[in-house]
Amino acid sequence: MPDFDELTAFDDVMATGSLTRSAQALGVAKSTLSRRISQLEAHLGQPLLRRQANRLIPTEAGLLFHDYCREMLALATRSREALTELSESISGRISLEVHGALARCWLAPVVDAFLVRHPDVELSLHAREVAPQVPDSHRLHIWLGPVPPSELKAEPLGRLTRGLYAHPAYLARHGMPHHPQALAEHAWIDLLGHSRRGLALCHAEEGSVHFRPPRSRLSVDLTLLHVDAIARGRGIGLLPHWLVEQREAHHPGELVPCLPDWQAAPLPVTLLSAYGHQPRRIATLLEVLRQAVPEAWHPSTPAI
């Protein structure tokens, strides 16, 4: 019966066509790698590789056996992961994608604490403002806004209420609007054209107004750039209240609410993951993320 060193050697040589390159990649001597291939061929009773010019190419038996070889190696990997999950510690690689608006203000300290608690985990953190589509059992996504159709499991984490904001200097120059209709006379800062088709603003007593902002001279595609543009006095824009609170903690007085009694529809925060069984490291991170959701993401007022 071949051992896994022999199977690994054969699989890598099939990929490279070279004993030298495979020996370097696997960190073994070329003679050791050659011996493992010979032992595998002896166990199977057939040659698996033959030399052609400067490459090793598979025989008919090699092509047939390679499919089974990869299945056995994959099964070995899954069995090791299953056994690892039985232990108290977790290890392995995780890829976490998060909407750019939440990456620094919320997720960064959560990730730091997770890595301190689990020193054998390797985590790749990516800030995205494009919704994911393809499921991956080793990848998690945290999305802000409506979730487009995909093959991912969607779990609500909360929602961010929103309002209109501007810099005090801008309001000193152009005046404070007192009704949504007055917004048409102000400079508008748009994010990814989200308000191009209009914006519904709701008031507890006056009902709903559909506001169509003037053409934005400055449109940005990142939430943090959107906040920066409004904080520099470029105009009025729609921002999540929670995000403004995080910025105001470090830069007080930069953002002033406009029409505070008028609110736009909240933005949902959603945790996206693959369906089915999750590796233990993924399941552990999922629970950490659920527990780290700020109380402000669960507003007591009903959704608009």
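Shown above is the structure to which this text applies.
Right, let's walk through the structure included here.

Criteria and cut-off values
Residues numbered from 1 in each chain as written. Predicted model: local features only at pLDDT ≥ 70, side-chain atom pairs only at ≥ 80, totals over all residues. Heavy atoms only, no water. Helix = DSSP H or I, 4+ residues; strand = E, 2+ residues; numbered from the N terminus. Rg over C-alpha atoms; globule rule 2.2 N^0.38 Å. Contact = heavy atoms within 4.5 Å. Areas by Shrake-Rupley, 256 points an atom, 1.4 Å probe, with all protein chains shown as cover. Salt bridge = Lys/Arg side-chain N within 4 Å of Asp/Glu carboxyl O. Buried < 20%, exposed > 50% of the residue type's maximum accessible area, 1.4 Å probe, protein only. 1 Å grid on protein atoms, 1.4 Å probe; cavity = no way out; pocket = protein on both sides within 12 Å on 5 of 7 lines; lining within 4 Å. Points joined across faces, edges and corners; volume = space filled by probe spheres on them. Phe/Tyr/Trp six-rings, centres within 6.5 Å; stacked < 30°, edge-to-face > 60°. Arc of directions from axis to C-beta. Polar contact = N/O pair within 3.5 Å; in protein donor to acceptor, adjacent residues only side chain to side chain. Pairing = 2+ DSSP bridges. Axes fitted to C-alpha atoms, helices over the stretch in contact; angles between N-to-C directions. Parallel < 35°, antiparallel > 145°, perpendicular 65-115°, else oblique. Left-handed = near helix turned anticlockwise from the far one by under 90°. Nonpolar A, V, L, I, M, F, W, Y, C, P; charged D, E, K, R; others polar.

Scanning the chain from N- to C-terminus turns up 9 helices and 13 strands. Relative to the compact-globule value of 19 Å for 304 residues, the chain shows a C-alpha radius of gyration of 28 Å, a clear excess of over 25%. Taking the principal axes of its C-alpha atoms as reference, the chain extends roughly 85 × 45 × 35 Å. Put simply, of all contacts in the chain between residues at least 6 apart along the chain, 74% involve residues at least 24 apart. Per element, the accessible surface of the chain, about 17,000 Å² overall, is 53% carbon and sulfur.

This paragraph deals with the pattern of salt bridges. Counted by the stated rule, this structure contains 7 salt bridges. Among the ionic pairs, Arg70 bridges to Asp67, the shortest N-O distance being 2.9 Å. Here Asp67 and Arg70 lie together in helix H4 (residues 60–86), a separation of 3 residues that amounts to about one turn. Owing to a relative accessible area of 39%, Asp67 belongs among the partly exposed residues under this scheme. As a salt-bridge pair, Asp228 and Arg247 come within 2.8 Å of each other at their nearest N and O atoms.

Bringing the layout of surface pockets into the picture now. Empty space among the atoms becomes visible once a probe the size of a water molecule is rolled across them. Roughly 560 Å³ of internal volume is contained in the largest pocket. If you trace the largest pocket, you find 29 residues lining it, with Arg162, Leu191, His194, Leu238 and Leu267 closest to the centre. Broken down by secondary-structure element, the contributors of at least two residues to the lining of the largest pocket are strand S5 (139–144), strand S7 (189–191), strand S8 (199–203), helix H7 (223–231), strand S11 (237–240) and strand S13 (262–273). Ranked by the residues each element gives to the lining of the largest pocket, the list is headed by S13, at 4 residues.

A word on the packing of aromatic side chains. Summed over all chains, the structure comprises 4 aromatic pairs. Measuring from centroid to centroid gives 5.4 Å for Trp242 and Trp297, while their planes differ by 85 degrees, and the two rings are edge-to-face. A residue pair is termed long-range when its members are at least 10 positions apart, and Trp242 in helix H8 (residues 241–250) and Trp297 in the segment after helix H9 (280–291) qualify at 55 residues. The two residues Trp242 and Trp297 agree in class, both being buried. Ring pairing ties together the aromatic residues Trp106, Trp242 and Trp297, which thus form one cluster.

What follows concerns helix H2 (residues 19–26). Three or more residues of H2 are buried, namely Leu19, Ser22 and Ala23. Down the axis, H2 shows its buried residues gathered within 100 degrees of arc, on one side only. Opposite the buried face of H2, by more than 90 degrees, sit the exposed residues Gln24 and Ala25. Looking at where H2 begins, the residue whose side-chain oxygen comes 3.2 Å from the main-chain nitrogen of Thr20 is Ser18. Taken from the residues just after H2, Gly27 is the one with a positive phi, measuring 75 degrees.

With that settled, consider the pairing of S11. On S11, burial covers both faces: Gly237 and Leu239 on one face and Leu238 and Pro240 on the other are all buried. For strand S6 (residues 153–166) and S11, the ladder comprises 4 bridges, and the chain directions are antiparallel. Looking at S11, one finds that Tyr165 is bridged to Gly237.

With their axes 11 Å apart at the nearest point, helix H5 (residues 100–117) and H9 run at an angle of 130 degrees to one another. In terms of orientation, H5 and H9 fall into the oblique class. Where H5 crosses over H9, the two elements pack in a sense that is right-handed. Between H5, through Trp106, Leu107, Val110 and Phe114, and H9, the contact on the second element is made entirely by Arg281, Thr284, Leu285, Val288 and Leu289. By residue class, the composition of the contact of H5 with H9 is 7 nonpolar, 1 polar and 1 charged.

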